[in-house]
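Descriptive structure summary
The chain contents come next:
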Amino acid sequence: MLNKTTLTPLIAPRDLSADTRARLDVLTEELASGRFADIGRALSSDFSTFSRISHALRTQDARQGALSRAGTWLDSVQTAMSSIQSIGSRVTEGLTSALAPGGSGQVDEIAATASGALTDIAVAIGYKLGGRAVFANGDPSGRPPVDIDALVSETIALATSATDVSELLQAFDDYFATGGGFETNVLSAYPADPTLFPLGGGMSLSIPVAAGDMSIRDALKQTALIASLPDAGFEIDDTARTMLSRELPVRASMVVSGLVSTQAELGGVQARVSQFLDTLGTERAKLEARKSEAVGADPFQTAAKVQAEMTRLETIYSVTARRANLRLTDYLR
């Protein structure tokens with residue numbers, strides 16, 4: 001009696017090509033990818049070097065992500081700083097004609113322009129990126145870095161109490177100085193430390209700019225001073241106009257210089273970011289090359305193996321076809 005095992009070859013002949021086709025599939029994949037399908041075999045089961053390279057690549061990815069975010073942050077700050085400069089220039093351009101002796105109503109006009117400029121500056125320094133205030137060291141609280149309403153009311157009070165131009169200028173200088181009313185009543189309590197972008201390995205990138213920086217508060221001081229002129233506690237006569245026309249343009253020039261200096265400092269940080277990215281790109285290329293070398297399959301050897309397996313497969317198919325055509329009479333001849 002024939003059992004199931006004995007009948008199996010007669011019913012379903014064993015596929016002699018299965019193993020060859022499987023090897024051919026693996027080799028074809030290796031030829032296409034340039035990597036061994038069996039990484040353990042390629043590394044002789046020593047994954048230590050491969051793991052170190054992979055970890056280094058992940059660290060590189062994290063650093064590149066942090067640098068990309070820092071670059072976006074810096075671009076936002078630079079755009080805002082340029083906007084503040086442009087807003088200040090808009091006010092400064094009208095100073096000479098507004099303070100010309102004998103003019104009437106022009107002080108009110110330049111003050112109205114400055115009042116609008118104050119609002120525009122507040123919008124610029126209130127910019128948020130990802131829910132964090134760019135000019136408040138990344139403060140996520142949602143509070144504006146500067147309380148513009150408090151600034152306007154307090155500077156108007158300073159102007160009202162001044163008895164002459166010198167007293168007005170000094171009062172504003174004191175108010176915006178370190179420890180003055182601007183810091184205590186107008187500037188919000190945001191984090192003291194600059195925004196940091198960790199780069200791993202104990203490294204970080206610092207972006208040193210905030211609404212309390214002297215260049216920004218000088219821009220606010222100049223604009224608020226001009227906006228408060230109609231509320232001055234003294235008459236803006238020709239003598240006052242002459243003194244203001246001599247003093248305010250000089251201060252405006254100093255404001256521009258301070259803003260440019262801050263932008264230059266930020267530009268230095270941007271240059272560092274660009275340099276870091278270039279270095280990371282070079283290092284990453286080297287790491288990728290080492291990783292590929294560790295698990296890479298030689299294309300010529302792989303192609304030769306593919307050819308050999310194809311030849312073997314063709315042979316199997318040929319023999320199988322010949323066997324399929326055999327008849328009992330062929331054995332009896």
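Each chain carries its own residue numbering, running from 1 in the direction its sequence is written. Side-chain atom pairs in this predicted model are given and counted only at pLDDT of 80 or more, local residue features only at pLDDT of at least 70, and totals for whole chains, interfaces and linings cover all residues. Water and hydrogen atoms were dropped before computing side-chain values, which therefore reflect all heavy atoms in the structure.

Below, the discussion takes up the pattern of salt bridges. A pair is scored as a salt bridge if a Lys or Arg side-chain nitrogen falls within 4 Å of a carboxyl oxygen belonging to Asp or Glu. Within this structure, the stated rule accounts for seven salt bridges. Note that Arg90 is salt-bridged to Asp120, the shortest N-O span being 2.8 Å. Residue Arg90 is found in helix α4 (residues 48–92), and its partner Asp120 is found in helix α6 (residues 106–125); the two are separated by 30 residues along the sequence. Among the salt bridges present, the one from Arg143 reaches Asp139, with a minimum N-O distance of 3.5 Å. The partly exposed category is assigned to Arg143, whose relative accessible area is 39%. Overall, Asp139 belongs to the buried group, its relative accessible area being 7%. One salt-bridge network, in which partners are shared between bridges, spans Asp173, Asp218, Lys221, Glu247 and Arg251. By the criteria applied, helices consist of DSSP H or I runs no shorter than four residues and strands consist of E runs no shorter than two, each listed in order from the N terminus. Partly exposed describes any residue whose relative accessible area lies between the buried limit of under 20% and the exposed limit of over 50%, with all areas from a 1.4 Å probe on protein chains only and scaled to the type maximum.

The relation between two aromatic rings is expressed through the spacing of the ring centres and the mutual angle of the planes. Ring geometry is summarised as follows: Phe, Tyr and Trp rings, the Trp one being its six-membered ring, pair when their centres sit within 6.5 Å, and such pairs are stacked at plane angles under 30 degrees, edge-to-face over 60 and tilted between the two. Counted under the stated rule, the structure contains four aromatic pairs. Among the aromatic residues, those joined into a ring-pair cluster are Phe172, Tyr175, Phe176 and Phe182.

Moving on to α6. Every helix has an expected span of 1.5 Å times one less than the residues it contains. In this model α6 runs 29 Å from its N-terminal to its C-terminal C-alpha over 20 residues, within 8% of the 28 Å that 1.5 Å per residue would give. Val107, Ile110, Ala111, Ala114, Ala117, Leu118, Ile121, Ala122, Ala124 and Ile125 are the residues of α6 that are buried. Across the axial projection of α6, the buried residues extend over an arc of 150°, all falling on one side. With respect to the buried face of α6, the exposed residues turned more than 90 degrees away are Glu109, Ala112 and Val123. Comment: arc refers to directions from the helix axis out to C-beta atoms.

A separate point is helix α10 (residues 214–227). The end-to-end C-alpha separation of α10 is 20 Å, in line with the 20 Å expected for 14 residues at 1.5 Å each. Within α10, 12 of the 14 residues are buried, leaving the element largely enclosed by the surrounding structure. Those residues of α10 not exposed but buried are Ser215, Ile216, Arg217, Ala219, Leu220, Lys221, Gln222, Thr223, Ala224, Leu225, Ile226 and Ala227.

Its place among the elements puts Thr223 in helix α10. When its relative accessible area of 4% is taken as the criterion, Thr223 is described as buried. Sequence-distant contacts of Thr223, that is, excluding residues within four places in its chain, are made with Ala114, Ala117, Leu118 and Ile121. Residue contacts are counted whenever heavy atoms from the two residues lie within 4.5 Å of one another.

This part covers the nonpolar core. Here the nonpolar core consists of buried residues drawn from Ala, Val, Leu, Ile, Met, Phe, Trp, Tyr and Cys, with membership extended through side-chain atoms lying within 4.5 Å. Phe135, Leu151, Phe182 and Leu220 are the most contacted members of the largest nonpolar core, which has 71 residues in total. Broken down by element, the residue count for this core peaks at 11 residues, all from α4. Among residues more than four places away in sequence, those in contact with Phe182 are Val146, Leu151, Tyr175, Phe176, Leu187, Ala211, Arg217 and Leu220.

Relative to the elements of secondary structure, Phe234 occurs in the loop between α10 and α11 (238–295). Assessed through its relative accessible area of 13%, Phe234 is described here as buried. In sequence terms Phe234 and Ala159 are 75 residues apart; their C-alpha atoms lie 8.8 Å from each other. Leaving out residues up to four positions away in the same chain, Phe234 has contacts with Ala162, Thr163, Asp164, Val165, Leu168 and Ala240.

We now examine the side chain of Thr155. Note that Thr155 resides in helix α7 (residues 148–161). Looking at Thr155, the relative accessible area reads 2%, which means it is buried. Polar contact criterion, stated in full: a pair of N or O atoms within 3.5 Å, where within protein one must be able to donate a hydrogen and the other to accept it, and residues adjacent in sequence count only if both atoms are side-chain atoms. In terms of polar contacts, Thr155 uses its side chain to reach the backbone carbonyl oxygen of Val152, at 3.1 Å. Among all residues touching Thr155, those that are not within four sequence positions of it are Phe172, Tyr175, Phe176, Ala224 and Ser228.

Turning our attention to unusual backbone geometry. Apart from glycine, the bulk of residues carry a negative phi angle, and the bulk of peptide bonds sit in the trans form. With a phi close to 55°, Asn137 is a non-glycine residue in the positive phi region. Mapped onto the elements, Asn137 comes out in the loop between β2 (132–133) and α7. Classification of Asn137 by relative accessible area gives buried; the value is 10%.

We now examine the packing of α7 against helix α8 (residues 165–176). Packed helices, taken two at a time, are described by the angle their axes make and the gap between the axes. As a rule, the C-alpha atoms of each element are fitted with a line to give its axis, helices using only the stretch in contact, and angles between N-to-C directions run from 0 to 180 degrees. Taken N-terminus to C-terminus, the directions of α7 and α8 make an angle of 145°; their axes are 9 Å apart at the nearest point. Considering how the two elements wind past one another, α7 and α8 form a crossing that is right-handed. Side by side, α7 and α8 meet where Ala150, Leu151, Glu154, Thr155, Leu158, Ala159 and Ser161 of the first sit next to Glu167, Leu168, Ala171, Phe172, Tyr175 and Phe176 of the second. Crossings are assigned a handedness: left-handed for a near helix turned anticlockwise from the far helix by less than a right angle, right-handed for a clockwise turn.

Another point: the environment of Val256. As for its position among the elements, Val256 is in helix α11. When the C-alpha positions of Val256 and Ser86 are compared, they lie 9.7 Å apart, and in sequence the two are 170 residues distant.

One can describe the packing of α6 onto α10 by two numbers: an axis separation of 7 Å at closest approach and a directional angle of 150°. Classified by the angle their axes make, α6 and α10 are roughly antiparallel. Crossing geometry of α6 relative to α10 is assigned as left-handed. Listed contacts from α10 to Ile110, Ala111, Ala114, Ser115, Ala117, Leu118, Ile121 and Ile125 of α6 are Ile216, Ala219, Leu220, Thr223, Ala224, Ile226 and Ala227. Any residue that is not Ala, Val, Leu, Ile, Met, Phe, Trp, Tyr, Cys, Pro, Asp, Glu, Lys or Arg is counted as polar, Gly included; the first ten are nonpolar and the last four charged. Considered class by class, the residues forming the contact of α6 with α10 number 13 nonpolar, two polar and no charged. Any angle that is under 35 degrees is reported as roughly parallel, and any over 145 degrees as roughly antiparallel; angles of 65 to 115 degrees are reported as roughly perpendicular and all others as oblique.

As far as function goes, none of this settles anything; it's purely spatial.
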